[in-house]
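Now for the letters of each chain:
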Amino acid sequence: MKTTIKILRSIAIIFIVVIIFRGFLYRVCFSYEVTQERKNIELTNLSFVHIIDSLSKDDMDIHEIMALSQELTNENLTFTFTDVSPDPNSAIEIGKANCIGYSSMYNAIGNYLIRKKGLASQYKFVHVVGKISFLGMDIHGLFDSSFFKNHDFNQMIDKDKNELIAVDPSLNDYFWIDFVACK
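Residues numbered from 1 in each chain as written. Predicted model: local features only at pLDDT ≥ 70, side-chain atom pairs only at ≥ 80, totals over all residues. Heavy atoms only, no water.

**What about the overall build of the protein chain?**
When its secondary structure is counted, the protein chain shows seven helices and eight strands. Across its three principal directions, the C-alpha atoms of the protein chain cover 60 × 40 × 35 Å. A buried classification covers 40% of the 183 residues belonging to the protein chain. For the protein chain, restricting intrachain contacts to residue pairs at least 6 apart in sequence, the fraction spanning at least 24 positions comes to 66%. Just so you have it, the protein chain exposes about 10,700 Å², and 60% of that area is on carbon and sulfur atoms. Once the 18 positive and 22 negative side-chain charges of the protein chain are each reduced to a mean point, those two points are 8 Å apart. (Helix = DSSP H or I, 4+ residues; strand = E, 2+ residues; numbered from the N terminus. Buried < 20%, exposed > 50% of the residue type's maximum accessible area, 1.4 Å probe, protein only. Contact = heavy atoms within 4.5 Å. Areas by Shrake-Rupley, 256 points an atom, 1.4 Å probe, with all protein chains shown as cover. Lys, Arg positive; Asp, Glu negative; His and termini not counted. Charge placed at Lys NZ, Arg CZ, Asp CG, Glu CD.)

Structure representation (structure tokens):
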């Protein structure tokens, strides 16, 4: 009986540690490598733009813009493996997207807010396509489906500091991992 309790306690501790440090562990084990850039799609859905405007503050910094972009993407989309439009204006209407649509939505919201706040000279969101590696091994070769041949994510570029932050909006929606490692 005592052995069973010790085993269950150990499993619980490991589980809690993995949950608490999931972002760090993910960034240690998985890395993204950009292979191409996708065209940014502007938001034209005026009712959605109105929602963004009502939730944004006048003095938002880049981290608040990134957080709001992610929050609105997560609230308005659910993940699907089916082929759907990558246009965020269509995705907002149907409420479903794959990794392309998630990244396109996040990108459109972020770039809209950057322009609205007058920060476009310093920051930009870039919708990119890449490969994901697990401990240095390309995981895309492990899947037969064309769906897994690449993965879409975003980079927020700080032009003044020459820094970038990589974000995977679809990963964030389901695993609450804010940033990813990018080569």
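After presenting the structure, the write-up continues.
**Focus on the packing of aromatic side chains**
According to the stated counting rule, one finds seven aromatic pairs in the structure shown. Centroid distance Phe-30 to Phe-134: 4.9 Å. Interplanar angle 50°. Geometry classified as tilted. Residue Phe-30 is found in strand S1 (residues 30-37), and its partner Phe-134 is found in strand S4 (residues 123-134); the two are separated by 104 residues along the sequence. Classification of Phe-30 by relative accessible area gives partly exposed; the value is 22%. Centre to centre, the rings of Phe-79 and Tyr-102 are 6.1 Å apart; their planes meet at 40°, and the pair counts as tilted. One end of the pair, Phe-79, is in strand S2 (residues 78-79); the other, Tyr-102, is in helix H6 (residues 99-116), and 23 residues separate them in sequence. Classification of Tyr-102 as buried rests on a relative accessible area of 0%. Three or more aromatic residues joined by ring pairs form one cluster here, namely Tyr-26, Phe-30, Tyr-32, Phe-134 and Phe-153. (Phe/Tyr/Trp six-rings, centres within 6.5 Å; stacked < 30°, edge-to-face > 60°.)

**Concerning helix H3 (residues 46-55)**
Of the positions making up H3, those classed as buried are Phe-48, Val-49 and Ile-52. Angularly, the buried residues of H3 cover 100° about the axis, an arc narrow enough to put them on a single face. Away from its buried face by more than 90 degrees, H3 exposes Leu-46, Ser-47, His-50 and Ser-54. In this structure, the buried side of H3 is in contact with helix H4 (62-76), helix H5 (88-94) and H6. (Arc of directions from axis to C-beta.)

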